[in-house]
Structures are given as C-alpha cells and as structure tokens.
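What follows is each chain in one-letter form.
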Amino acid sequence: MIDNIEQSRLFPITNPRSLAIFGASNNYSSMGTIILKALMAGKYEGTIFPVHPKEDKVQGLTAYRQVADLPEAPDLAVVVLPTKIVCETLAACGEKGIRHVIVISGGFKEVGGDGVARQEEMVRIADQYNMTLIGPNCLGVANTHHRLNTTPHRFYGDPGFIGLVSQSGSFVTQMFAYLHNLGAGFSTAFSIGNEANTDLVDCLEYLGACPNTKVIALYIEGIRRGRKFVETARRIVPHKPIVALYVGGSETGKKAALSHTGALSGPDELYDGIFRQCGVIRAYSIIELFDICIAFGQLPAPGGDRVFVQTHSGGPGAVAADACGRAGIRLPEPSKSTREKLADMIPATGSIKNPIDVTFTKDMPQFLSDLPRAIIQDPACDILMLYFYLPAEMVKRMLLSMGVGRDEMDQKVREIGDSVAGIVKGIIRDTGKPIVCFSYHNREEVAVRSLAASGIPFYQGPERAVRVISAMILHRSFKRKIEEQAAT
C-alpha cells in the first residue's frame, strides 16, 4: 500500500491545483462545455485553462488557442475532443510538460478495428512523456473533498466516504443524487474506461491509502491483472472493506463488457474465487453495492455474527427472521436478565423471544429508545435489526390529540423524527454495536429522512437489510482470515 497518498502518481489527477480543458466552448450542447459547467458549478478552486482554437473566452474564462500558449503546464489536462485529434493533442500536452491527462473521448479499443491501433498510439505517447492517463472512453474523476468533478453531472451533497472505481462512467455521474438522498456520497470516484495506462488496480491502491475513503466500491467488467488485484485487495481489506459488482460472468454480460470498454471477462465461478481469495464482498446489483457500502461507512463493525430482531408487528418480524435463516444468520434467544428487562416493556400480547415483538405500543418513543437499548446490551447481541416504523400521519394524529396546532404540525413531526434518529445514533455510539434499520417506509417519510441526515442507514424491506448484515459478517470473517494468514 502507498504510505503517503501524495506520493501516488494519481494524486495530481485527483487533487489538481490547475487544469486545462480541451473541447469546451460557448456551445452549451457540447460534452466539453457540459463538463466545464459541472466543474464550475461544483466550485472547483483551482485555475481552469480552456483551450479552444477560435474563442478568446469560453464560459467567461480566458481561453488559449493552443497548448503551447498556456501560461504554465497545469497539473491536469481533460480532453473531450474528436477521436482523430486526441493523440496529437496528447503529444502537444507532453511537449508542454503536462504529465497527467484524462481522456473522455471514445473511439478507441472499445470499437475494435482502427480503434485498437489508435489506443496503442495513445499509450506510446503517454510512455514517451511519462504521462499518467485515465481513459480513454471514460468520464474521469470526481474528488468531492477537492471540489473536482470532470463528469457531466453536477455533484450533489457533502463530501462523502465511498471510494469508487468504475469501468463505466454512468455509475459515477448518475449516483451523485442517489447517494445524497441516502445520506452518503463519494470520497473519490474514478471512471477508468479502457484503462490505457491506468487500471482498476492502480485506482484501488490509491483508494486504499486515501484518508477520506472508509469503504471501496468496484464496478467490474473484467480484471486485467488478476494476481496484482488479489495482492492489493488483501493488503487493503484488513483496513477497509471492498465491495464489488461484477457483470461479465454471463454470456450476455461478457459481450456487453467487450463492446463497452473492450474488457475481457471470465466466468462467475472464477471471479467468485478471486473475491473470496482476497476478501472482497460481492454485490449483485448497483443498489446492493451501495446498500452495503453505506453500512460499512456509517456503522461500527459487528463483534460477532449473532443478530436480534426487534419489531412491533408479527409479519415483518417473521419475514425478517426467515430472511436471516435463509442467509445462515443466527438469532439467539435473549439472556435471562434481558428477558426480565423486556417483561416490563412488552405487553402480554407480545413476545420476548427473538424476534422480539411488541405487537402494539402506545409509547413509540420507548419502542425506539429504551427497548433497543435493553436488547442491544444483551451479551449475545452483536447486531440489532430494528423495524423502524414511525409514519408521519400517525405522529400527526398523536400531536393533534395533544393540542398541537396544524400550523406547527410539520415542524413538530420533523423534530420528533430528528429526536428519534438522534436516540438511535446515541445507542450505536454508546454500545459500539450496529443497528440496521428497516421497514416498508419509502424515503419520503419524514423519520427516514431524519435517519439519513443523522448518518444512519435505512433499508426498505428486511431482505435488503439482511443482505447488508450478511456482508458485514462476511467481511469480519475475511478480515480475520487474512490477518491470521499474515501472522503465520
């Protein structure tokens, strides 16, 4: 692993003090302009040098007719030009002293034929000038902590903790708003495209050393350096979880990957073995990929594999228990002392077994405060799976019965949601144990938004919650195994 992130050859790409952009203009419909506008909207603090053969100003910025006219060699060049002039532009950048380039342009190895030769020429030029190059056929980099975004989508939200390496650009750009709504975001995200001279392993190594990255997500269509990938991942996993979505295992996925980035894929069984060997958690959808990453980034690691389920409805509790059973997750019975505590909190119609079911309660704050605190303190509880049900309409009826006026109703509902989220967060902090919240609420529900704002993951349906719990337990097992092997 890299000892000092600033020593990485990727550091100037993710943290440039200045950049030149080729392909931006005063035509708002061009890709280069769209990228420049997104970069400016993100309040990038470095100097931007548009290079345009005819314009004196591009989007209000001083433009330069050619690379040689630039007042300095910027840390980074972003190239969004027609395929036929990309290589000559790279050579001009090299002559100027630019050593870090992102090539957004496509039309290279992914299209086959002459595109393969064009990419070989690109690599030759990069080698000649000792360039680090991301792409081609990519959307580059987003470093939210540096306000850098070379993608066409504007960045939303606060700087995050998920590091992403993607062989597709879409899963960088189109996830900004999605993750923001979940109370999360990227730390640094790489779209690497055809991987001409910087590949998945290079970026994985960088994110392993990145201090802003708590968990690493991978979108993979094919791994070119299998042995190096395994070695790098095994060094990282004891310190940071790695979660991967691999899509090249089916025949249709293999064909799509080849035409998308020119990646050579292998069978699912091969990649399953690679992931197990190096401790990488496999996800099976983009939703699942980020579900798992958010839990790793926001919750403490479990101390074991035993789960307690708390619910106030028998059906959701039974479904949660069934999902746990199918995943091989243990649901131990509460200890005698815990049962004695619960006997005073749960009505006779409820159950103090596991799942622990209140069935109905008039005291919702107790259900979401005193009860989970009592359960999670049981010595046999490593993870609490909490049925988080607090509909705004029910809260409003309660407030109306207490004499709260309709003009202040919405504010009071938000305050209650925030208070409950704060209580759950406090329990997690005080006990050091993860609470995984689930129900069938959607994300428009006030209380769910309060959870997201407090940095607590929420999952719609027990199946998604159980998949996350399984991943946390599996990572613990992978980490211990790698550490034990390293010690022998």
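None of the values given here were measured: they were computed from a predicted structure.

The rules we used
- Residues numbered from 1 in each chain as written.
- Predicted model: local features only at pLDDT ≥ 70, side-chain atom pairs only at ≥ 80, totals over all residues.
- Heavy atoms only, no water.
- Helix = DSSP H or I, 4+ residues; strand = E, 2+ residues; numbered from the N terminus.
- Expected span 1.5 Å × (residues − 1).
- Buried < 20%, exposed > 50% of the residue type's maximum accessible area, 1.4 Å probe, protein only.
- Arc of directions from axis to C-beta.
- Pairing = 2+ DSSP bridges.
- Salt bridge = Lys/Arg side-chain N within 4 Å of Asp/Glu carboxyl O.
- Phe/Tyr/Trp six-rings, centres within 6.5 Å; stacked < 30°, edge-to-face > 60°.
- Lys NZ or Arg CZ within 6 Å of the ring centre and 35° of its normal.
- pLDDT = per-residue confidence, 0-100.
- Contact = heavy atoms within 4.5 Å.
- Axes fitted to C-alpha atoms, helices over the stretch in contact; angles between N-to-C directions.
- Right-handed = clockwise from strand over helix to strand, strands pointing away.

Trainee: Account for helix α12 (residues 314-326), naming residues and giving values.
Mentor: With 13 residues, α12 should reach 18 Å at 1.5 Å per residue; the first-to-last C-alpha distance of 18 Å fits that figure. What α12 keeps buried is the set P316, G317, A320, A323 and C324. Viewed along the axis of α12, the buried residues span an arc of 125°, placing them on a single side of the element. With respect to the buried face of α12, the exposed residues turned more than 90 degrees away are G325 and R326.

Trainee: Pulling in residues and values, what's your account of the sheet that holds strand β18 (residues 435-439)?
Mentor: Strand order across the open sheet formed by 5 strands is β16-β15-β17-β18-β19, with parallel pairing between neighbours. Only two strands of the sheet have a single neighbouring strand rather than two, namely β16 (356-357) and β19 (458-460). Both strand β15 (residues 307-311) and β16 contribute to a ladder of 2 bridges, which runs parallel. The residue of β16 that forms the bridge with Q310 is I356.

Trainee: Tell me about the environment of H239, residues and numbers included.
Mentor: Within the element layout of this structure, H239 appears in the loop between α8 (226-236) and β13 (242-246). Taking the relative accessible area as the measure of exposure, H239 reaches 60% and is therefore exposed. Remark: the alpha-carbon pair of H239 and A209, spanning 30 residues in sequence, is separated by 9.7 Å.

Trainee: Give a description of the pattern of salt bridges that names residues and reports values.
Mentor: Under the defined criterion, the tally for this structure stands at 20 salt bridges. For R282, the salt bridge is made with D272, and the minimal N-O distance between the two is 2.7 Å. You can see R282 sitting in strand β14 (residues 281-283) and its partner D272 sitting in helix α10 (residues 268-278), a full 10 residues away along the chain. When its relative accessible area of 9% is taken as the criterion, R282 is described as buried.

Trainee: Go over the packing of aromatic side chains with me, naming the residues and quoting the values.
Mentor: For the coordinates displayed, the defined rule picks out 11 aromatic pairs. Measuring from centroid to centroid gives 6.1 Å for F176 and F186, while their planes differ by 75°, and the two rings are edge-to-face. On the criterion of sequence distance, the pair formed by F176 in helix α6 (residues 176-181) and F186 in strand β11 (residues 186-191) is long-range, its members being 10 residues apart. Comparing F176 with F186 shows no difference in burial state: the two are buried. An angle of 10° between the planes, with centres 6.0 Å apart, marks the rings of Y387 and Y389 as stacked. The exposure class of Y389 is partly exposed, given its relative accessible area of 28%. A connected cluster of aromatic rings, assembled from ring pairs, spans F155, F176, F186 and F290. Taking NZ or CZ as reference, K214 lies 5.6 Å from the ring centre of F161, over its face.

Trainee: How would you summarise the confidence of the model for the chain if you had to cite specific residues and measurements?
Mentor: Overall, the predicted model of the chain reaches an average pLDDT of 92, with 95% of residues at or above 70. Here residues 256-263 scores under 50 on pLDDT; set against residues more than four positions off or in separate chains, the count is 27 contacts.

Trainee: Tell me about the sheet that holds strand β1 (residues 18-22), residues and numbers included.
Mentor: As summarised here, the arrangement of the 5 strands in space is β2-β1-β5-β6-β7, forming an open sheet in which the pairing is parallel. Unpaired on one side and paired on the other, β2 (47-51) and β7 (132-134) mark the two borders of the sheet. Between one strand axis and the next, the sheet turns by 20° as a mean value, whatever way the strands run. Sheet analysis places β1 next to β2, joined by 5 bridges and oriented parallel. Directly across from F22, in β2, lies its bridge partner V51. With respect to the sheet, helix α2 (residues 31-41) is in contact with β1 and β2, its orientation differing from that of β1 by roughly 155°.

Trainee: Requested: an account of the environment of V413, with residues and values cited.
Mentor: Summarising the element assignment, V413 is placed in helix α17 (residues 409-431). On the basis of relative accessible area, V413 is assigned to the buried category, the value being 6%. Once the C-alpha coordinates of V413 and T198 are considered, the two residues, 215 residues apart in sequence, prove to be 50 Å apart. Non-local contacts of V413, meaning those with residues more than four positions away in its chain, are made with A392, V395, K396, L399 and V446.

Trainee: Please provide a residue-by-residue account of α8, values included.
Mentor: All of the buried residues in α8 are F229, V230, T232, A233 and I236. Against the buried residues of α8 lie α7 (200-209), β12 (215-220), β13 and α10.

Trainee: How would you summarise the pairing of strand β5 (residues 76-79) if you had to cite specific residues and measurements?
Mentor: Looking along a regular strand, one sees side chains alternate from face to face of the sheet. Because side chains alternate across β5, one face comprises the buried residues L76 and V78, and the other comprises A77 and V79, equally buried. Alignment of β1 against β5, held across 4 bridges, turns out to be parallel. Across the sheet, residue L19 finds its bridge partner in β5, namely L76. Two strands pair when backbone bridges link them, and β5 and strand β6 (residues 100-103) are joined in this way by 3 bridges, in the parallel orientation. Across the sheet, residue A77 finds its bridge partner in β6, namely V101. For the segment spanning β5, helix α3 (residues 86-96) and β6, crossover handedness is right-handed.

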